[in-house]
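The residues making up each chain are set out below.
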Amino acid sequence: MTMSRRFHEYLELTKPRVVALLVFCAVIGMFLAVPGIPPWRALVFGTLGIWMASGSAAAFNHLIDQRIDKVMARTAHRPLATGHLKPKQVLTFALALGAVSMLILVFLINPLTALLTFGGLIGYAVIYTAYLKRATPQNIVIGGLAGAIPPVLGWTAVTGALHPFALQLCLIIFVWTPPHFWALAIFRRDDYSRAQVPMLPVTHGVVFTRWHVLFYTILLVLVTLLPALTGYSGMVYLGGAVVLGLGFLYYAVRLLNPPDEFFAMKVFNYSIVYLMALFAFLLVDHWVMEPLIQHQGVVFERAL
């Protein structure tokens, strides 16, 4: 196997597309935590540490799920499923990546971020992948907290403290996860059935799952209003959240009577664009509103 091919196999273990979305949300959390640009140390080493920890959790996921990956069309190409990498190699890689990420976060960022990141790693790799995924059709709801924590990690990497706004961002991703993943599960339900994984479309049927996608989407739209209602963001974000939310609601309602079998994947793909755009609106709003707030403060001081 060539070096480039070997590199590609190990990179695939980290689920780069999934991890990229998580790290994107973490970086947005960093920018929202302070006016202007976050300190370079937190931005560089915080991003690196969070990326490595997320990649480690993904590699553990590959290791634990190697049996079911072999029987699912979506995952049959993974390095362990194809035999291109051995379990010992993946375990060593996952442990090394996780250990280095913790060293970076503890010594170059702060212990709180390291602790929360480690909790997210264990939550995804062990609690969700090893237990919840096979134990209950509500697996993605309960285990979604691990994937929802990146904005909190980004925030604490910069400030060293928890903040209600960061927790609101965590709540948004937590509520977003079920409709996002259940749309994929509807399309891939035969895969999950063969692998004997009790995803909601397998245990309760497609119609039941479609309604749950709609209910959670409605809840998501309401939750995304919290940053504006609590004063942490302004009209730029609120307008974007409403438009994006209406788009998600359209897809969720249309999913109740879809035009074809592939529509569930359209919902899944939109959900990814939705989350990225929502957090982008948060950042734009932050950069627009912060100068206005500072200007108003200066005007008020001069008036006094």
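Residues numbered from 1 in each chain as written. Predicted model: local features only at pLDDT ≥ 70, side-chain atom pairs only at ≥ 80, totals over all residues. Heavy atoms only, no water.

Digging into the pattern of salt bridges
Turning to step 1, where the next piece is worked out: Inspection of the entire model under this criterion finds 6 salt bridges.
Turning to step 2, where the next piece is worked out: R5 is the salt-bridge partner of E9, the closest N and O atoms lying 3.0 Å from each other. Here E9 pairs with R5, and both are found in helix α1 (residues 3–13), just 4 residues apart, close to one helical turn.
Turning to step 3, where the next piece is worked out: Between R78 and D69 there is a salt bridge, with the nearest N and O atoms lying 3.2 Å from each other.
Turning to step 4, where the next piece is worked out: On the accessibility criterion, R78 (11% relative accessible area) is buried. (Salt bridge = Lys/Arg side-chain N within 4 Å of Asp/Glu carboxyl O. Helix = DSSP H or I, 4+ residues; strand = E, 2+ residues; numbered from the N terminus. Buried < 20%, exposed > 50% of the residue type's maximum accessible area, 1.4 Å probe, protein only.)

Describing the nonpolar core
Turning to step 1, where the next piece is worked out: W176, Y274 and F279 are the most contacted members of the largest nonpolar core, which totals 87 residues.
Turning to step 2, where the next piece is worked out: It is helix α11 (residues 164–187) that contributes the most residues to this core, 14 residues altogether.
Turning to step 3, where the next piece is worked out: In contact with W176, not counting residues within four places along its chain, are L21, L220, F248, S271, I272, Y274 and L275. (Core = buried A, V, L, I, M, F, W, Y, C linked by side-chain atoms within 4.5 Å. Contact = heavy atoms within 4.5 Å.)

Concerning the environment of V90
Turning to step 1, where the next piece is worked out: Within the secondary structure layout, V90 lies in helix α6 (residues 87–109).
Turning to step 2, where the next piece is worked out: Given the relative accessible area of 0%, V90 is considered buried.
Turning to step 3, where the next piece is worked out: Between the alpha carbons of V90 and V206 there is a distance of 35 Å; along the sequence they are 116 residues apart.
Turning to step 4, where the next piece is worked out: Not counting residues up to four positions away in its chain, the partners in contact with V90 are L13, A59, L63, L80 and L85.

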